[in-house]
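One letter stands for each residue in the lines below.
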Amino acid sequence: MTNTVTSTSHGRQAGATAQQLHGWRKLSTLLEIGRTLADTPNLKAALPRALGSLDEHHGMSRNFVMLLDAETAMLYAEASHGFKPEATRQVTYRAGEGIVGSVCKSGKPIVVPQASREPLLLGRFERQDKSGRGAEQSFLCVPLLLQRKPVGVLGAYLPYKEGRDFEREMQFLSIVASMIAQALRVERFIEADKQRLLDENTHLKQELRERYDFGHIIGNSNPMRQVYEQVTQVARTNTTVMLRGESGTGKELIAHALHYNSLRAKKPFVKVSCAALPETLIESELFGYEKGAFTGAQMRKKGRFELADGGTLFLDEVGDLNFSTQVKLLRVLQEREFERLGGTETVKVNVRLVAATNRDLEKAIADGQFREDLYYRLNVFNIFLPPLRERKPDIMLLADSFLEKYGREHGKRIKRISTPAIDMLTSYHWPGNVRELENTMERAVLVCESNVIHGHHLPPTLQTAEGSGTVTSLSLASAIEAYERDLIQDALKTTRGNRTKAAKMLDTTERIVGYKIRKYRIDCERFRK
């Protein structure tokens, strides 16, 4: 009796130890598969290694992963172990077809204890068995689920063994399938994010190309037509271009147009404002520096020339460069090479240079402030941007464009600009050019509480004799008269010179309107055209 009890006890202990070892082996396999899926960025490369772990530690000598194509409702082999790779690539199942297709369609696992006796196990993978053994096999198939929806299946073969605990095997395989599904989710998220960024980048580039297309540059005056003609002539070449003109005339806009209408449009457009950078930094910004070149240079940094390689470098306010930087810039233009600050390695670049300045470079050369040889290198193709006072026909086109832009930006529905305000805009001399006009229209939109911009919405500069010569007195009577004239002209403009309708709009009589028209010497015929 004692021997029997002892023998039974030893048997239980041995069984418990075997179960523990089996459990530890499963945990070890899960850890190994988890690390494989996490450490390998490409899921397609990680899956064969993960499937190999199932064979090495659990005798699942043949296994596979199939993924569902949502558009075709077909399962395609993504990875396999124990089959010929070139043959398994062609294995497909329709969702609902056979055991594999049924698992994918239903989202529920299926166990086939004896594979040879199951007609629904269609044998498409089995025919590719490398071992060629005819021993009976058990087949387990579990779904890959994302948000409880099947996206594929994991199938595995085990040697047939009577009394095998298939429930435990299915639980283990379901955990592996869950890990693979999560890895698939992460990969798809990364791919979708990459595609989103790529689409966004393409969209932004297209927006830039459209924004700086000639059709989006406002102005049809003769001076601007000449500018368009010059830009068209030089845009698709590699010629160095010098943009001349007063501050605020749109030199940067033309520089963008040159780049985005050139053969370099898909390459970088890099801008450097030479006036905004201190003399001590301009050289390191243009040419970069090596680690340790100066205090604080903890790593190598590429300069703007390197960043613009293959594209266009725009040097704004090039007339403000110091003499030492002018020497280096001359060498880059001549040799297309330079050394970083603190370095000896020669860096070669392929850059198209566009320079801009509002300075009189000829005078700067005479005063010894600008190198003559650099001037001739930069001044290969000269484009002069006219000041706004020389392109009067464009003032209202620009004003209307800025009105629409800032009306949309500030949520205001301003429909038009009154006639007196138009007179003030067109008679002003605009020393700040287009930039000043844009700021003026943004201010007018902000202070306007109606749907029409009037003269009193414009800055004081435009309303003084010093600013535009449009107002000769700041007395109360003059201000009231000016406002009254503004209202009447505005009403006549709306009614196309019809006094009766204008009087009705102003809620007064036609006689009073007629009297005011004579008093202020308003020409009604002007509004009938």
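Residues numbered from 1 in each chain as written. Predicted model: local features only at pLDDT ≥ 70, side-chain atom pairs only at ≥ 80, totals over all residues. Heavy atoms only, no water.

## Overview of the layout of surface pockets
Reasoning step 1: Computed from the structure, the largest pocket encloses a volume of approximately 930 Å³.
Reasoning step 2: In this structure, the largest pocket is lined by 29 residues; those nearest its centre are Gly250, Leu253, Phe402, Val434 and Glu438.
Reasoning step 3: The set of elements that each furnish at least two residues to the lining of the largest pocket consists of helix H7 (251–260), strand S9 (312–316), helix H13 (395–409) and helix H15 (433–447). (1 Å grid on protein atoms, 1.4 Å probe; cavity = no way out; pocket = protein on both sides within 12 Å on 5 of 7 lines; lining within 4 Å. Points joined across faces, edges and corners; volume = space filled by probe spheres on them. Helix = DSSP H or I, 4+ residues; strand = E, 2+ residues; numbered from the N terminus.)

## Section: the packing of H13 against H15
When two helices pack together, their arrangement is given by the angle between the helix axes and by the axis-to-axis distance.
Reasoning step 1: Look at H13 against H15: their axes get within 9 Å of each other, and the N-to-C directions meet at 45°. Looking at the two axes, H13 sits oblique to H15. Here H13 and H15 pass one another in a crossing that is right-handed. Judged by residue contacts, Ile395, Leu398, Ala399, Phe402, Leu403, Lys405, Tyr406, Gly407 and Glu409 of H13 engage Val434, Leu437, Glu438, Met441, Glu442 and Val445 from H15. (Axes fitted to C-alpha atoms, helices over the stretch in contact; angles between N-to-C directions. Parallel < 35°, antiparallel > 145°, perpendicular 65-115°, else oblique. Left-handed = near helix turned anticlockwise from the far one by under 90°. Contact = heavy atoms within 4.5 Å.)

## Focus: the nonpolar core
Reasoning step 1: Leu144 and Leu154 are the most contacted members of the largest nonpolar core, which totals 30 residues.
Reasoning step 2: Top element by residues in this core is helix H5 (residues 166–211). It accounts for 9 residues.
Reasoning step 3: Apart from residues no more than four positions distant in its own chain, Leu144 is found in contact with Val65, Met66, Leu67, Lys149, Pro150, Val151, Gly152, Val153, Leu154, Ala177, Ile180 and Ala181.
Reasoning step 4: Phe287, Leu321, Val349 and Ala364 belong to the second largest nonpolar core, which has 29 residues in total. (Core = buried A, V, L, I, M, F, W, Y, C linked by side-chain atoms within 4.5 Å. Buried < 20%, exposed > 50% of the residue type's maximum accessible area, 1.4 Å probe, protein only.)

## A short note on the sheet that holds strand S13 (residues 381–385)
Reasoning step 1: Taken in spatial order, the 5 strands of this open sheet run S8-S9-S12-S7-S13, and their pairing is parallel. Of all strands in the sheet, those bounded by a partner on one side alone are strand S8 (269–273) and S13. Strand-to-strand twist of the sheet, defined as the mean angle between neighbouring strand axes without regard to direction, takes the value 20°.
Reasoning step 2: Across 5 bridges, S8 lies against S9 in parallel orientation. Within S9, the residue paired with Val270 across the bridge is Leu313.
Reasoning step 3: Most of the contacts of H7 go to strand S7 (residues 241–245), to which it runs at about 155°, and overall it touches S7, S8, S9, strand S12 (352–357) and S13. (Pairing = 2+ DSSP bridges.)

## Things to note about the state of the cysteines
Reasoning step 1: Summed over all chains, the structure comprises 0 disulfides.
Reasoning step 2: Here Cys104 is not disulfide-linked; the sulfur of Cys141 is the nearest cysteine sulfur, at 8.8 Å.
Reasoning step 3: Of the residues examined, Cys104 reaches a relative accessible area of 3% and is grouped as buried. (Disulfide = S-S within 2.5 Å.)

## Considering the sheet that holds strand S3 (residues 92–94)
Reasoning step 1: Across the sheet, which stays open at both edges, the 6 strands sit in the order S3-S2-S1-S6-S5-S4 with antiparallel pairing between neighbours. Edge positions in the open sheet fall to S3 and strand S4 (110–112), since each of these has one partner strand only. The mean angle between the axes of side-by-side strands here comes to 20°, regardless of whether they run parallel or antiparallel.
Reasoning step 2: Pairing geometry for strand S2 (residues 74–81) and S3, over 3 bridges, is antiparallel. Following the sheet pairing, Tyr76 is matched in S3 by Thr92.

## Overview of the environment of Gly248
Reasoning step 1: Within the secondary structure, Gly248 sits in the loop between S7 and H7.
Reasoning step 2: Exposure remark for Gly248: the relative accessible area of 8% places this residue in the buried category.
Reasoning step 3: With sequence-adjacent residues up to four places away left out, Gly248 is seen in contact with Gly432, Asn433, Val434 and Arg435.

## What about the pattern of salt bridges?
Reasoning step 1: Tallying each qualifying case throughout the model produces 27 salt bridges.
Reasoning step 2: Lys301 is the partner of Glu285 in a salt bridge, and the nearest nitrogen-oxygen pair spans 3.0 Å. One end of the pair, Glu285, is in helix H8 (residues 279–287); the other, Lys301, is in the loop between H8 and helix H9 (304–307), with 16 residues separating them in the sequence.
Reasoning step 3: Look at Glu285 and you get buried, because its relative accessible area is 16%.
Reasoning step 4: Where Glu481 meets Lys519, a salt bridge forms, and the shortest distance between an N and an O atom there is 4.0 Å. (Salt bridge = Lys/Arg side-chain N within 4 Å of Asp/Glu carboxyl O.)

## Some details on helix H17 (residues 476–494)
Reasoning step 1: Given a rise of 1.5 Å per residue, 19 residues ought to cover 27 Å, and the 27 Å separating the end C-alpha atoms of H17 matches this to within 8%.
Reasoning step 2: Inspection of H17 places Asp486, Ile488, Gln489, Asp490, Ala491 and Leu492 among the buried residues, and these make up the whole buried set.
Reasoning step 3: Its buried side turned inward, H17 meets strand S14 (416–417), helix H14 (419–427), strand S15 (452–453), helix H18 (499–505) and helix H19 (510–519).
Reasoning step 4: Arg496 sits one or two residues past H17 and shows a positive phi near 55°. (Expected span 1.5 Å × (residues − 1).)

## Looking at the packing of aromatic side chains
Reasoning step 1: Tallying each qualifying case throughout the model produces 9 aromatic pairs.
Reasoning step 2: Consider the rings of Phe64 and Phe139, whose centres lie 6.1 Å apart with planes at 20°: the pair is stacked. With a gap of 75 residues between them, Phe64 in strand S1 (residues 62–69) and Phe139 in strand S5 (residues 137–146) connect regions that are remote in the sequence.
Reasoning step 3: Phe64 sits in the buried class, given a relative accessible area of 1%.
Reasoning step 4: Residue Phe139 is classed as buried on the basis of its relative accessible area, which comes to 1%.
Reasoning step 5: Relative to Phe305, the ring of Phe287 lies with its centre 5.6 Å away and its plane at 5°, an arrangement referred to as stacked. (Phe/Tyr/Trp six-rings, centres within 6.5 Å; stacked < 30°, edge-to-face > 60°.)

## Some words on the pairing of S5
Reasoning step 1: Most of S5 sits out of view: 9 of its 10 residues are buried.
Reasoning step 2: In terms of strand pairing, S4 meets S5 through 3 bridges, oriented antiparallel. Pairing of Val111 across the sheet is with Leu140, part of S5.
Reasoning step 3: Pairing geometry for S5 and strand S6 (residues 149–159), over 10 bridges, is antiparallel. Its bridge partner lying in S6, Phe139 is registered against Tyr157.
Reasoning step 4: Hairpin connection, S5 to S6: the antiparallel pair is bridged by 2 residues, and Gln147 has positive phi, about 55°.

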